[in-house]
Amino acid sequence: MGMWTYKQWGALIGGLLIVLIATLGVGTTALVVIFAVIGYFVGAFLEGELDIEDIRARAQGRRGG
């Protein structure tokens, strides 16, 4: 068993969040999670995985075709 499943990753992330909440508090943990999500999207954008034009079109209600 070389690769982890999504359940195992979810359990690991959930456990880490519980540890962060217990040691740092809810407010600080929420701040860490928010910045982690922002960092994920910045990294995806820099690697070319996000299509900004597609996101803009979807937000404005237009579908690409």
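Reading guide: rules and limits
- Residues numbered from 1 in each chain as written.
- Predicted model: local features only at pLDDT ≥ 70, side-chain atom pairs only at ≥ 80, totals over all residues.
- Heavy atoms only, no water.
- Helix = DSSP H or I, 4+ residues; strand = E, 2+ residues; numbered from the N terminus.
- Contact = heavy atoms within 4.5 Å.
- Expected span 1.5 Å × (residues − 1).
- Phe/Tyr/Trp six-rings, centres within 6.5 Å; stacked < 30°, edge-to-face > 60°.
- Buried < 20%, exposed > 50% of the residue type's maximum accessible area, 1.4 Å probe, protein only.
- UniProt positions renumbered as here; feature names shortened; annotations may be inferred.
- Patch = residues over 30% accessible without salt bridge, like charges linked within 9 Å, V, L, I, M, F, W, Y side chains within 5 Å.
- Areas by Shrake-Rupley, 256 points an atom, 1.4 Å probe, with all protein chains shown as cover.
- Salt bridge = Lys/Arg side-chain N within 4 Å of Asp/Glu carboxyl O.

Asks: Please give an account of the side chain of T29 that cites residues and values.
Replies: Along the polypeptide, T29 turns up in helix α2 (residues 26-46). Excluding residues that lie within four positions of it along the chain, T29 makes contacts with L17, L20, I21 and L24.

Asks: Describe helix α1 (residues 6-24), with residues and values.
Replies: Between the first and last C-alpha of α1 there are 26 Å, a value that for 19 residues agrees with the 27 Å anticipated at 1.5 Å per step. In the segment just after α1, G25 is the residue with positive phi, at about 105°.

Asks: Explain the packing of aromatic side chains to me, using residue names and the numbers behind them.
Replies: In this structure the tally under the stated criterion is two aromatic pairs. Pairing W4 with W9 gives two aromatic rings, centres 4.8 Å apart and planes at 45°, and the pair type is tilted. Taking relative accessible area as the criterion, W4 reaches 46% and is therefore assigned partly exposed. We classify W9 as partly exposed; its relative accessible area is 42%. Taking the centre distance of 5.4 Å and the plane angle of 70° together, the rings of Y40 and F41 count as edge-to-face. On the basis of relative accessibility, which here comes to 55%, the residue Y40 falls in the exposed class. A residue is classified by how much of its surface remains accessible, and F41, at 44% relative accessible area, is partly exposed.

Asks: Go over the environment of I21, please, and point to the residues and values.
Replies: Here I21 is to be found in helix α1. Other than its neighbours up to four places away in sequence, I21 contacts V26 and T29.

Asks: Please give an account of the UniProt feature "transmembrane region" (unreviewed entry) in the protein that cites residues and values.
Replies: Residues given the UniProt feature "transmembrane region" (unreviewed entry) here are residues 12-42. Each end of residues 12-42 is marked by a C-alpha atom, and these two atoms are 23 Å apart; helix forms 97% of the span and strand 0%.

Asks: Lay out a nonpolar patch on the surface with the relevant residues and their values.
Replies: Together, W4, W9, L12, I13, L16, L17, V33, V37, Y40 and F41 give the surface a local cluster of nonpolar side chains, amounting to about 950 Å² of exposed area. Those elements that place two or more of their residues in the nonpolar patch are α1 and α2. Top element by residues in the nonpolar patch is α1. It accounts for five residues. Among the structural elements, I13 can be located in helix α1. Using a relative accessible area of 47% as the deciding quantity, one classes I13 as partly exposed.

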